[in-house]
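# Structural description and commentary
One letter stands for each residue in the lines below.
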Amino acid sequence: MALMKALATAIAAAALVSPAVADTWPAKPITLLVPFSAGGPTDFIARLVAEPLSRELGQQVIVQNKPGASGNVGYQSVLNGPADGYTLMHNTVGMQAINPLMYPNAKMHPLQDYVPIGTTGAMPNLLVVNPERTSAKTLADLVKQGREAPHGLSFATFGPGSSPHVYGALLQKLAKFQAVGVAYKGSANAVTDVIGGQVDFLFDSMSTSLGQVQAGRLRALAITSAARSPMLPDVPTLKEAGYAGLDLKFWFSLQAPKGTPPEVVTKLRAAVANVVASEAYRKAMQERGAEALSVAPAELDAFFKRETAQWTDAANTVGLKAE
């Protein structure tokens, strides 16, 4: 009899856990972990999200950088922590779809390891060249040069699997020309060498190349967004330039470890959706060359599966291999 009473008490207590979590969460500050160094798009978008998200949730959202191994260190750090909604990760589609291919020993399974909380934005890449070193004024001009150059062209990347590498390799396959990838540690050195004429072209983040384009040091031939940017209205999209197969959006998202209470996930999804849909957030992103990417909470799971598959297919198409 005593055993049955104890069991009934335990079941009743378990039934109360979820509502209790929903009622009390968040009861303390929330950490938003960025698995890359400060200053890049993943970092500044997270910081744009943090302040309005703090207001939505009634608790401070603190951004913490934990770089290493192309984002894998931060990924594992959040995954190994408690799934209580107090530590979130700001992810990229590269980590979502490319890293599992590049680092199979890390045993990353983003669709299984994490729960989507919300998309935060997208960062278009600009296909840029040096206007003083090349006569190419359009993407068609660049493709023609690539086909006619005796030794092909060269393009800058941030290493295998980076968005400049995937975009550049896909362009070669679709346009049928040869180009040698030259790896750099980041945008600054790559842009310097494009301006200096050491490399022919680069798919660079709009947030870091926009100023150089506006100053005339770089010429933008195309943009990797679905629509033209109001900041560069004369630059056509890749689809307009005849390469719809390169219409891949490089996006960012908030995620929580699998096992986070459903009620907490629901609250987080609603709060993030409100932030990203706001006019203030949209303008702040646009000023930095980024786009506010809003996906309805009910559509998040399908979006993540579809986009992950598209980027994985792209990576396989260009022959990405494990390091």
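These numbers come from a predicted model, not from an experiment.

### A closer look at the confidence of the model for the chain
Scored by pLDDT, the chain comes out at a mean of 90, with 93% of its residues at no less than 70. When the criterion is pLDDT under 50, residues 1-17 qualifies, and its contacts beyond four places in sequence or with other chains add up to 0 contacts.

### Concerning the environment of Gln214
Along the chain, Gln214 turns up in helix 9 (residues 206-214). By relative accessible area, Gln214 is classed as exposed at 51%. Considered as a pair, Gln214 and Asp141 are 73 residues apart in the sequence and their alpha carbons are 21 Å apart.

### A look at the sheet that holds strand 1 (residues 30-34)
With mixed pairing, the 5 strands of this open sheet are ordered in space as 2-1-3-10-4. Unpaired on one side and paired on the other, strand 2 (61-65) and strand 4 (114-122) mark the two borders of the sheet. On average, each strand axis in the sheet is tilted by 25° relative to the strand beside it, whichever way the strands run. Across the sheet, helix 10 (residues 262-277) is in contact with strand 3 (87-92), strand 4 and strand 10 (251-257); its angle to strand 4 comes to roughly 5°.

### Observations concerning the nonpolar core
Leu53, Leu127, Leu142, Leu171, Phe201 and Trp311 are the most contacted members of the largest nonpolar core, which totals 91 residues. The dominant element in this core, judged by the number of residues it contributes, is helix 2 (residues 41-57), at 8 residues. Every residue in contact with Leu53, bar those within four places of it in the chain, is listed here: Val61, Leu254, Ala271, Val272 and Val275.

### Considering unusual backbone geometry
Residue Pro26 is bonded to the preceding Trp25 through a cis peptide linkage, with omega at 0°. Mapped onto the fold, Pro26 is located in the loop between helix 1 (2-24) and strand 1. The phi dihedral of Ala69 is positive, around 55°, even though this residue is not glycine. Note that Ala69 resides in the loop between strand 2 and helix 3 (72-79). Taking relative accessible area as the criterion, Ala69 reaches 47% and is therefore assigned partly exposed. Positive phi, normally seen in glycine, also occurs at Ser70, with a value near 55°. Position of Ser70 among the secondary structure elements: in the loop between strand 2 and helix 3. A relative accessible area of 38% places Ser70 in the partly exposed class.

### Focus on the pattern of salt bridges
Tallied over the entire structure, the rule returns 6 salt bridges. Two residues, Arg228 and Glu240, come together in a salt bridge whose shortest N-O distance is 2.9 Å. Here Glu240 lies in the loop between strand 9 (219-223) and strand 10 and Arg228 lies in the loop between strand 9 and strand 10, a separation of 12 residues in the sequence. For Asp301, the salt bridge identified is with Arg269, shortest N-O distance 3.4 Å. Residue Asp301 is located in helix 12 (residues 300-317), and its partner Arg269 is located in helix 10; the two are separated by 32 residues in the primary sequence. Classification of Asp301 as partly exposed rests on a relative accessible area of 39%.

### A word on the side chain of Asn99
Counting through the fold element by element, Asn99 comes out in helix 4 (residues 93-102). Those residues in contact with Asn99, other than ones at most four positions away along the chain, are Ser70, Asn72, Gly94 and Met108.

Here is what the cut-offs are and how they apply
Throughout, a residue's number is its position along its own chain's written sequence, starting from 1. With the structure being a predicted model, the display of local features is reserved for residues of pLDDT at least 70 and the display and counting of side-chain atom pairs for 80 or more, all residues being used for whole-chain, interface and lining totals. In computing side-chain properties, one takes all heavy atoms of the structure into account and sets aside hydrogens as well as water. pLDDT measures how confident the predictor is about each residue, on a scale from 0 to 100. Pairs of residues are marked as contacts when any of their non-hydrogen atoms sit within 4.5 Å. What counts as a helix is a DSSP run of H or I of at least four residues, what counts as a strand is a run of E of at least two, and both are numbered from the N terminus. Remark: exposure states derive from per-residue accessible area (1.4 Å probe, protein chains only) relative to the maximum for the residue type, with buried under 20%, exposed over 50%, and partly exposed in between. Strand pairing requires that DSSP identify at least two bridges connecting the strands. Fitted lines through C-alpha atoms serve as axes, helices being fitted only where they are in contact, and the angles separating the N-to-C directions of these axes extend from 0 to 180 degrees. Only buried Ala, Val, Leu, Ile, Met, Phe, Trp, Tyr and Cys residues count toward a nonpolar core, and they belong to the same one when joined by side-chain atoms within 4.5 Å. Here, a salt bridge means any side-chain nitrogen of Lys or Arg that lies within 4 Å of a carboxyl oxygen of Asp or Glu.

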